[in-house]
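Summary of the model geometry
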Amino acid sequence: MVSNVARSGWAALACLAAALSLAACSTSAANSSAGSKTASGPPLVIGVSMSLSGDFATLANPALKGYKLWASTVNAKGGLLGRKVSLKIVDDASNPTQVVTNYENLITADHVNLVFGPFSSLLTVPAATIAKRFGYAFIEPSGGAPQVFALHLHNLFLAQPAPIVSSGDAFANYILSLPTAQRPRTAAYPSADDPFTQAIVGEIRQRLQAAGIKTVYSTTYAAETVDLSPVVTRLVAAKPDLLVSGTGGADAVAEVKGMVQAHFTPKFVFFTGGPNDPTFPAQVGPANAEGIFSTGDWFPQAKTAGNAAFEKAYVAKYGGTAAKIDPAAAEAFACGQLLELVAHRYGKVDNATIISALHHGTWPTVEGNLSWNADGSPRGSDIVVQWVHGQLLPVYPSAQALTKPIAKPAWAG
Amino acid sequence: MTRPGPHSRIRPAGTIQAVAFVAVVAVLPLVTGQHWLVSLLVFTVMYAGLASAWNLLGGYAGYPALGHGAFFGVGAYAMAIGTSHLGVGGGYRPFVLIVPIAVGTALVVLPIARLLLRTRAAAFAVLSITLMFMVQTLAYNIRSLTGGSSGLIVPLAPFPAATFERPFYYAMAALLALTLAVCWVVRTSKLGLALNAVRDDEDRARGLGVQTELVKLVAFAVSAGLTAAFGAVWAYYISFLYPGFAIDPLLALGAILMAFLGGRRTLWGPVVGAALIGPAQQYFAYRFGASQLYLVAYAALFLLVIYLLPEGIVPSLARRLRRLRRASPAAATHDQVATDSIFSAGDLG
Amino acid sequence: MHLFVQATIVGILFGGVYALIASGQAIIFGVTRTVNFAQAIFTILCAYLSYTLFTDFGIDPFLSILVLVPAMFAFGIGIYVLLLRRLSRSGAELGLLVLYGLGIGIQGVLDFVYKTNTQVITPSYANNSWTVAGYQIPEVRFFAFLLAVAVLGTLQLIRQRTKLGRALRATTQNPVASRLLGVDVERISAIGMGLGVAAAGAAGGVFGMILPFNGNTQYDLLSKLLSIAVLGGLLSMPGTIVAAVILGVVESVVAATISPDWSAFSFLVVLFAVLIIRPQGLFGRRLRGAL
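Residues numbered from 1 in each chain as written. Chains lettered and ligands numbered in written order. Predicted model: local features only at pLDDT ≥ 70, side-chain atom pairs only at ≥ 80, totals over all residues.

When helices and strands are counted, chain A shows 14 helices and 14 strands. Considering chain A as a whole, with its 413 residues, one finds that 59% of them fall into the buried category. (Helix = DSSP H or I, 4+ residues; strand = E, 2+ residues; numbered from the N terminus. Buried ≥ 20, exposed ≤ 12 C-beta atoms within 10 Å, placed from the backbone.)

Take a look at the structure:
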């Protein structure tokens, strides 16, 4: 018996020794590949972790398209400072643990030159801390929640005109700009438990409550909650004039369907996410999208820097029309534009240069003229958009509006 | 396989093994400067510890526990809350929290363990995983404490980037050594014998005067406390917690798979299993990112192990070696081959 | 009050679907003494298959049941013959692990094929509902309930009125005695497994019409099925059905009156409370060592 136990112990040691030698081999292999990187004119590798699968997969897809479109556009122009841009995209399965692993490996195993951010605030928070640890600039397209800026990271920049909280401000401003007789008297605020949605809904609720609009229903549901019928039941029972719902996409569709089923139409309907997806009308039924509000950082007719070229290239590469472009694609594209601008102004695109450069001046992109505070929060503001006659159009503030807001018709259902 | 019992003592071979093991584990991260390899080692050592901790309850006591993800998550959240809300501070200080977290979890778990241990076999398996789902739901819902599905940030450790992983690695390694020491003590003490009796036939053991309730509770609490300790280190290392991943149903399954592969109820089996599966698991996650193929590979490996190697590597290897030795007339004394059923069969109906 | 009644209606209707899936699990436990940890993923698998049949071939989910039920019956028998039969001597918990592992493998395949995006089956009547005395009755849930009642009724007829049913019940109660009485226990166990998995097949399509799903939904469903199994006493068909409807109602009412976040948790609390008072479950016969 003694010998048996002894043997098994040695077996464990043998396994560890094997792991050890594996580690040693890999080290030498990695060193040699790192050595070749200093050769002249190597591609500029940008690492990105994207939600190719999992809960965010559908929402993240436009961002992926935006990144790829920028890479092909810049390569068609001869690359960045003469170096071909190559994207190294890995899947994080919408998983915040995997996203950590991915950026660690992009930086330390694959030795990418630069990184761009993943999709959603939830994934941006853990990813940004990894980039910070290794001194990488972290230009990111979609993490705009307060938690992201609460990290106080000097290396982070959101490629959008405004932090998410301000999206709420834009809509609250619109509602409060209405004459008292037209204002909603009651409001309901169901929201997914998600940094993005809660920031917007919380902001709107605070401001409207202060202005005397009564809250008749408010709840948060786990972002994974799949059965929204209890929420809709409560919502319908509360009969609010205004629905402000913190949604990510599928839940907005489910809420619309539930209200259609229950034959209940609020006077104003606002979703934080979902309506700005070009396929939204197809998902809820074309007539049902009419009059629904959301906010946006980008819309197809925007007169921002390089937007016309962006739309043209997008349609050429992916087909469809400019109206079918998701704002997330523009956000990701803007990340690339920022790199181009840094390269152009400073003649180099190492991480330290990018970080110090972006903290000064204004940077014109398809997302507008961007500038940031010390935490990477943009200094601009968002716009209110609405589905008007089958088109998602900016309606407020009037300076940027292409049309006036319309009254919500009753559901067609 | 060898039966634990008080007749085992510290043997020269065992001492050498222990020293060699500690030496190898201590030197490993110094061999490579590659972050991803050290990170891989951190996870492998962690899983070796988790599988060994699971072995106390799932192996020695024969209770099919599927909910250890709950204790891991409790440890992880305790660490996050301790560092961010209680103001323990940064640097090496959070590691001090490991002790109260482990002890606290073991104590808090006692009343729940008492309830769960009223059931056996399939019902215990179901309840243990249900407990895990409960804890996960709590983590989603008690937002003021856990951040809900917005996640919870653990303050980033201020260690230099070049050797960032090392403190975590050595913390995990120390916990693994502790877990193995606990397992060794259990195997060589009366507790081990009592657990053995519980696994073989609990009713008869009780009839013979074994304090079955007590020994089961001890095994459960110690197993849970150790698991929580690993969760605490993991939380500080990963620095961002999300309920669905900090409290993961696959964690227990991973530990079980490693214990099965190496050999349940052996001291070194879970370590061997983790040394084989851990790196593969991490490497797959790195290289193929997405979880799908990884899930399929995991399931396939699981079924292969159960059907082709039901006893695990260590017992099979030991038996083969014994057979070799039997040719030489030296030792053919103990031949208690562990062909007894997986967990304790026949408890039902 | 209106809210409460409305939530109860919705809960009872969906409780029927839970009952259907959980009954399959109870039948499987009866003949194999193995808790089917893959019952949830079988349901999701069938939801995906219905989804494909609907979107690519235009087959209504209620019609695709005619294909899925026999297919899943055969699948269940296959699992028994290939995986579970070999384990019968070495303990039921190993079977549980095997099925759990199998379920995770199936999830991996589904994630690979369907890309883990959340899907929902939306036939033209998906959004329709009737208004009865001021209460909304969603058509899909109503038909799903009717389906569950029909399938459960058929199962009950098979169990009570046929020779096969008698053999099933005998095997469930005492496999050894049944064997002595000339019952081919292996064959009956295989058929029982087939019937149990087929129940998931019948429920998959309606599940996919009512709730958005992806591979990961299996854990949510699994936790509910396991709770129902314990509460219902693992073996008892009436116990399972009652527990399932209770789950449906508790979940729906808590979600509507308190918060959707706590609905799953409230049921788990009920479960643990019952276990403290009645360790054998609501309807369970006390199994030696089991509960």
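Picking up where we left off.
Our next topic: the overall build of chain B. Of the regular secondary structure elements, chain B holds 14 helices and two strands. Sorting the 349 residues of chain B into buried and exposed places 61% on the buried side. Put simply, 82% of the contacts in chain B that link residues at least 6 apart link residues at least 24 apart. (Contact = placed C-beta atoms within 7 Å.)

All names here are of chain B. Its 14 residues place the ends of helix α11 (residues 249-262) 21 Å apart at the C-alpha level, agreeing with the 20 Å of an ideal helix rising 1.5 Å per residue. Burial analysis of α11 places 13 of its 14 residues in the buried class, the great majority of the element. Where α11 terminates, the next one or two residues include G263, which has phi positive at roughly 130 degrees. (Expected span 1.5 Å × (residues − 1).)

Once that is clear, we can look at the interface of chain C and chain A. The extent of an interface is frequently quoted as the accessible surface area lost upon association of the parts. Each partner contributes to the interface: chain C provides 24 residues, whereas chain A provides 24 residues. Going through the elements one at a time, α1 (2-32), β2 (135-138) and α10 (237-257) of chain C are the ones with two or more residues in the side of chain C that touches chain A. Per element, the largest residue contribution to the side of chain C that touches chain A is five residues, and it comes from α1(C).

Moving on: the confidence of the model for chain B. Residue and element names in this part refer to chain B. Put simply, chain B has an average pLDDT of 83, and 89% of its residues get 70 or more. Taking the mean pLDDT of every element in chain B, the minimum, 81, falls on helix α12 (residues 269-288) and the maximum, 94, on helix α3 (residues 68-84). Predicted confidence is poor over residues 1-7, with pLDDT under 50, and the contacts of this stretch with residues over four places away or in other chains come to 24 contacts. The low-confidence segment residues 330-349 (pLDDT under 50) makes 42 contacts with residues lying over four places distant or belonging to another chain. For this predicted complex, the interface score ipTM comes out at 0.86, while the overall pTM is 0.85. (pLDDT = per-residue confidence, 0-100.)

Our focus in this paragraph is unusual backbone geometry. Residues and elements named next belong to chain A. In this structure, P397 follows Y396 across a cis peptide bond, with omega equal to -5 degrees. By the element assignment, P397 lies in the segment after β14 (391-396). Here the phi dihedral of H152 falls at roughly 55 degrees; this positive angle occurs in a residue that is not glycine. With respect to the helices, strands and loops of the structure, H152 is situated in the loop between α5 (146-150) and β5 (156-158). For H152, a count of 10 C-beta atoms within 10 Å puts it in the exposed group.

Turning to the nonpolar core, a few remarks are in order. Counting 362 residues, the largest nonpolar core has A:V115, B:M172, B:A232 and B:V233 as the members making the most contacts within it. With residues up to four places along the chain from it excluded, the contact list for B:A232 reads B:G75, B:A76, B:A78, B:M79, B:L97, B:I98 and B:I101. (Core = buried A, V, L, I, M, F, W, Y, C linked by C-beta atoms within 7 Å.)

Before going further, it helps to examine the sheet that holds β5(A). Residue and element names in this part refer to chain A. An order of β2-β1-β3-β4-β5 is seen for the five strands of this open sheet, with the pairing classed as parallel. In this open sheet, the two edge strands, each paired with only one partner strand, are β2 (85-91) and β5. When the angles between neighbouring strand axes are averaged without regard to direction, this sheet yields 25 degrees. Pairing analysis gives two bridges linking strand β1 (residues 44-50) to strand β3 (residues 114-116), with the strands arranged parallel. Paired with G47 across the bridge in β3 is V115. Running over the sheet, helix α4 (residues 121-133) touches β1, β3, β4 (138-140) and β5 and is turned about 155 degrees from β4. (Pairing = 2+ DSSP bridges. Axes fitted to C-alpha atoms, helices over the stretch in contact; angles between N-to-C directions.)

Residues and elements named next belong to chain C. When the terminal C-alpha atoms of helix α8 (residues 185-210) are compared, their 38 Å separation across 26 residues agrees well with the 38 Å that a helix rising 1.5 Å per residue should span. The axis of α8 is deflected most strongly, by about 35 degrees, at A203. Burial within α8 is extensive, with 23 of its 26 residues counted as buried. (Bend = angle between axes of the 7 residues up to and from the residue.)

On to the packing of helix α6 (residues 164-177) of chain A against helix α7 (residues 195-210) of chain A, then. All names here are of chain A. Running from N to C, α6 and α7 cross one another at 35 degrees; their axes reach a closest spacing of 8 Å. Crossing angle aside, the handedness with which α6 passes α7 is right-handed. Seen from α6, the contacting residues are I164, V165, S167, G168, D169, F171, A172 and I175; seen from α7, they are F196, A199, I200, E203, I204, R207 and L208. By residue class, the composition of the contact of α6 with α7 is ten nonpolar, two polar and three charged. (Left-handed = near helix turned anticlockwise from the far one by under 90°. Nonpolar A, V, L, I, M, F, W, Y, C, P; charged D, E, K, R; others polar.)

On to the environment of A:L228, then. Residue and element names in this part refer to chain A. On the secondary structure map, L228 appears in the loop between β7 (214-222) and α8 (229-238). Under the C-beta neighbour-count criterion, L228 is labelled buried, with 26 such atoms within 10 Å. When the C-alpha atoms of L228 and A145 are compared, they prove to be 24 Å apart, with 83 residues separating the residues in sequence. Those residues within four positions of L228 in sequence are excluded, and the remaining contacts are D251, A254, E255 and G258.

Residue and element names in this part refer to chain A. Residues F268 and F270 line one face of strand β9 (residues 268-271) and the alternating positions V269 and F271 line the opposite face, and both faces are buried. Alignment of strand β8 (residues 242-245) against β9, held across four bridges, turns out to be parallel. Across the sheet, residue S245 finds its bridge partner in β9, namely F271. Of the crossover connections in this fold, the one passing from β8 over helix α9 (residues 250-261) to the parallel β9 is right-handed. (Right-handed = clockwise from strand over helix to strand, strands pointing away.)

What follows is about the environment of C:E186. All names here are of chain C. Take E186: it is sitting in helix α8. Judged by local crowding, E186 falls into the partly exposed class, with 16 C-beta atoms found within 10 Å. When the C-alpha atoms of E186 and T118 are compared, they prove to be 39 Å apart, with 68 residues separating the residues in sequence.

On to the pairing of strand β6 (residues 186-193) of chain A, then. In regular strands, side chains alternate between the two faces of the sheet. Residues and elements named next belong to chain A. A large share of β6 lies buried, amounting to seven of its eight residues. Note: β6 against β7, eight bridges, orientation parallel. Bridged to S191 within β7 is T220. Where the polypeptide runs from β6 across α7 and back to β7, its parallel neighbour, the crossover connection is right-handed. Across two bridges, the pairing between β6 and β8 is parallel. The residue bridging A188 from the neighbouring strand is L243, located in β8.

Turning our eyes to something else, we now look at the environment of A:L358. Residue and element names in this part refer to chain A. In this structure, L358 sits in helix α14 (residues 351-358). Residue classification places L358 among the buried residues on the basis of 22 C-beta atoms within 10 Å. If we ignore the near neighbours within four places in the chain, the residues touching L358 are F157, L338, W363 and W372.

Okay, the packing of helix α6 (residues 163-173) of chain C against α8(C) next. Axes are the key here: two packed helices are described by the angle between their axes and the distance separating the axes. Residues and elements named next belong to chain C. Taken N-terminus to C-terminus, the directions of α6 and α8 make an angle of 100 degrees; their axes are 10 Å apart at the nearest point. By the angle between their directions, the pair α6 and α8 is classed as roughly perpendicular. Two secondary-structure elements touch here, α6 through L164, A167, L168 and T171 and α8 through V185, I188, S189, I191 and G192. In terms of residue class, the contact of α6 with α8 is built from six nonpolar, three polar and no charged. (Parallel < 35°, antiparallel > 145°, perpendicular 65-115°, else oblique.)

Residue and element names in this part refer to chain A. Model confidence for chain A is summarised by a mean pLDDT of 85, while 89% of its residues fall at 70 or above. Here residues 1-6 is a poorly scored stretch, pLDDT under 50, and it has 13 contacts once near neighbours within four places are set aside; other chains count. Here residues 22-40 is modelled with pLDDT under 50, and outside its nearest four sequence neighbours on either side it reaches 15 contacts, counting other chains as well.

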